[in-house]
Amino acid sequence: MVYIERSITGKLRELSTQFPAVFLTGPRQSGKSTLLAHTFPGYAYYNLENVDTREFAIDDPRGFLAACGGRVILDEVQRAPSLFSYLQTTIDRENEPGMYLLSGSQNFLMLKGISQSLAGRVGVLTLLPFTIGEMKAGGFSLNSAESWIVQGCYPRAVTERIPPTSFYPSYLSTYVERDVRNEATVRDVARFETFITACAARVGSLINLSDLGRDIGADARTVSSWLSILEESYVAFRLSPYYRNVGNRHVKTAKLYFYDTGLLCSLLGIETEGELSSSKRLGPLFENAVIAEKRKQVYNQGKTPRMFFWRNNGDKDREVDLVLERSLDHLELFEVKSSQTANRSYLNAMEKFIKNSSAECSAQVVYRGDDLQSASGPGFLNWRSI
């Protein structure tokens, strides 16, 4: 398989010189194993998905770690959660940077194990599917915004040129069976699949737990629990409203987005660029693609995204699609438009925001065109330039 250099590589190397363990998480097939093996070729590699390896690690964790020695990659480490406490003992005894590189594809058990056993001893990074920049650098061109959205950005789908109609149904089936049924212990997987599709239909909209529950025949408590599963397994994320008062951000209604638009299109039954171009969902899907791209870029810097949307007193016409908080006093504003032509009126909501903000703000409109337009004041970016 073709290897594409990942933007997070420098941060990964840096953390391996600072912490005894580095934990690389992210969705299934985002390239974690490939990245670790390519970046640290001298490390021994053990995959806990292998039955014999997993049984050895679970039955005799001390013996397993002794056999591994130092400088080791432990892949899919959530399959043997009891290892975490034994890793702590070994790390505290030897305390050398870069001893263990851990990876896992979901967080149901791992973050709990890390917070209890490895707090202060492990650097944590999140690897998501490819960014536009990574694909460009790897020689994979994007013909249009529609192709970017429908194809998605999962490494194997991109480098092996697997049609989305083949890749994503298989991906979803694996996700539901292994992560949802086995790890998250959701028994009604058929209803859960209906739930994911219902979420896809609401992308970019405010989350209403009661409406979602009514559509799938579940109560609000179940819907809330299942939303958490989508977040913990890096399928979807919530975007909270922006308030200067930090305490208000998480008590107000959030919007829902997906990490990958290829999976999103598959859930919505959109199979081709032509179908997307004529779909009423083009606007929300383009918005999702841009916001997910910015989220990837923040994670690749080793940071936790502080990303929000802003709506002026509930007025949808006075809304900023993305507020990226670099610090409390430095904000980056993005308005996302699926139009192929830049229009000065797209700046209105951001100008309203800036007028009433005490923070330093930059503002840009991201649109679907391929030309490099600009205007006085805040800038315009075509989708390829984000």
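I will try to describe carefully the structure that is included in this document.

What counts and how
- Residues numbered from 1 in each chain as written.
- Predicted model: local features only at pLDDT ≥ 70, side-chain atom pairs only at ≥ 80, totals over all residues.
- Heavy atoms only, no water.
- Helix = DSSP H or I, 4+ residues; strand = E, 2+ residues; numbered from the N terminus.
- Buried < 20%, exposed > 50% of the residue type's maximum accessible area, 1.4 Å probe, protein only.
- Contact = heavy atoms within 4.5 Å.
- Areas by Shrake-Rupley, 256 points an atom, 1.4 Å probe, with all protein chains shown as cover.
- Lys, Arg positive; Asp, Glu negative; His and termini not counted.
- Charge placed at Lys NZ, Arg CZ, Asp CG, Glu CD.
- Phe/Tyr/Trp six-rings, centres within 6.5 Å; stacked < 30°, edge-to-face > 60°.
- Lys NZ or Arg CZ within 6 Å of the ring centre and 35° of its normal.
- Salt bridge = Lys/Arg side-chain N within 4 Å of Asp/Glu carboxyl O.
- Pairing = 2+ DSSP bridges.
- Core = buried A, V, L, I, M, F, W, Y, C linked by side-chain atoms within 4.5 Å.
- Axes fitted to C-alpha atoms, helices over the stretch in contact; angles between N-to-C directions.
- Arc of directions from axis to C-beta.

Bringing the overall build of the protein into the picture now. What the protein contains, in helices and strands, is 17 helices and 12 strands. Along the three orthogonal principal directions, the C-alpha set of the protein runs to about 65 × 45 × 45 Å. For the protein, buried positions account for 52% of its 386 residues. When contacts within the protein are restricted to residue pairs at least 6 apart in sequence, those whose partners lie at least 24 apart make up 68%. As presented, the protein carries roughly 16600 Å² of accessible surface, and 45% of it is formed by carbon and sulfur atoms. The average position of the 44 basic charges and that of the 43 acidic charges among the side chains of the protein differ by 4 Å.

Moving on, we come to the packing of aromatic side chains. Each pair of aromatic rings is reported with the distance of its centres and the angle of its planes. Counted by the stated rule, this structure contains 18 aromatic pairs. Seen in terms of ring centroids, Tyr 154 and Phe 167 are 5.9 Å apart; in terms of plane orientation they differ by 40 degrees. Their pairing is tilted. You can see Tyr 154 sitting in the loop between helix H8 (145-151) and helix H9 (155-159) and its partner Phe 167 sitting in helix H10 (residues 164-183), a full 13 residues away along the chain. Considered together, Tyr 154 and Phe 167 belong to a single accessibility category, that of buried residues. Taking 5.9 Å as the distance between ring centres and 25 degrees as the angle between the ring planes, the aromatic pair formed by Phe 237 and Tyr 257 counts as stacked. Highlighted residues: Phe 237 in strand S6 (residues 236-241) and Tyr 257 in strand S7 (residues 255-258), separated in sequence by 20 residues. In this pair, the class of Phe 237 matches that of Tyr 257, namely buried. Through pairs of rings, three or more aromatic residues link up here, namely Tyr 154, Phe 167, Tyr 168 and Tyr 171. The cationic tip of Lys 255 hangs over the ring face of Phe 309; the distance from NZ or CZ to the ring centre is 4.7 Å.

Enumeration over the complete set of coordinates arrives at 19 salt bridges. Across the pair Arg 121 and Asp 92 runs a salt bridge whose closest N-O atoms are separated by 2.7 Å. Here Arg 121 is found in the loop between helix H6 (110-117) and strand S5 (122-126), whereas its partner Asp 92 is found in helix H5 (residues 83-94), with 29 residues between them in sequence. Here Arg 368 ties to Glu 146 by a salt bridge, and the two come within 2.4 Å at their closest N and O atoms. Of the two residues, Arg 368 is situated in the loop between strand S11 (360-367) and strand S12 (379-382) and Glu 146 in helix H8; the sequence distance between them amounts to 222 residues.

Where burial is concerned, most of S6 is hidden: five out of the six residues are buried. Bridge analysis of S6 against S7 gives four bridges, and the strand direction is antiparallel. Bridging from a neighbouring strand, Phe 237 pairs with Tyr 257 of S7.

Of all hydrophobic cores here, the largest spans 75 residues; its most connected members are Trp 148, Tyr 175, Phe 192, Phe 195, Ile 196 and Phe 258. The greatest single-element share of this core, amounting to eight residues, is contributed by helix H16 (residues 282-300). The contacts of Phe 195, once residues within four sequence positions are left out, are Leu 212, Ile 216, Val 223, Trp 226, Leu 227 and Leu 230. Ranked by size, the runner-up nonpolar core spans 20 residues in total, among them Phe 23, Ala 80, Leu 102 and Val 122.

Let's shift gears to the side chain of Asn 300. Looking at the element boundaries, Asn 300 is found in helix H16. Once you skip the residues sitting within four places of it in the chain, Asn 300 turns out to touch Ser 7, Ile 8, Lys 11, Thr 131 and Glu 134.

What follows covers the sheet that holds strand S1 (residues 21-25). Two orientations exist for strands paired in a sheet by backbone hydrogen bonds: parallel and antiparallel. Spatial ordering of the open sheet is given by S2-S3-S4-S1-S5, a layout of five strands whose pairing is parallel. The open sheet is flanked by strand S2 (44-47) and S5, the only strands paired with a single partner. Averaged over all adjacent pairs, the angle separating strand axes in this sheet is 15 degrees, with direction ignored. Pairing geometry for strand S3 (residues 72-75) and strand S4 (residues 100-104), over three bridges, is parallel. Residue pairing for S4: Val 72 is matched across the bridge by Tyr 100. Of the strands in this sheet, S1, S4 and S5 touch helix H1 (residues 9-16), which is tilted by about 170 degrees from S5.

Those residues of helix H12 (residues 209-216) that sit buried are Leu 212, Gly 213 and Ile 216. When H12 is viewed along its axis, its buried side chains cluster within an angular range of 100 degrees and face the same direction. Exposed side of H12, more than 90 degrees from the buried face: Arg 214 and Asp 215 are the residues found there. Of the surrounding elements, those touching the buried residues of H12 are helix H11 (189-201) and helix H13 (220-232). Looking one or two places after H12, you find Gly 217, whose phi comes out positive at around 75 degrees.

The values reported here are purely geometric and, on their own, carry no functional implication.
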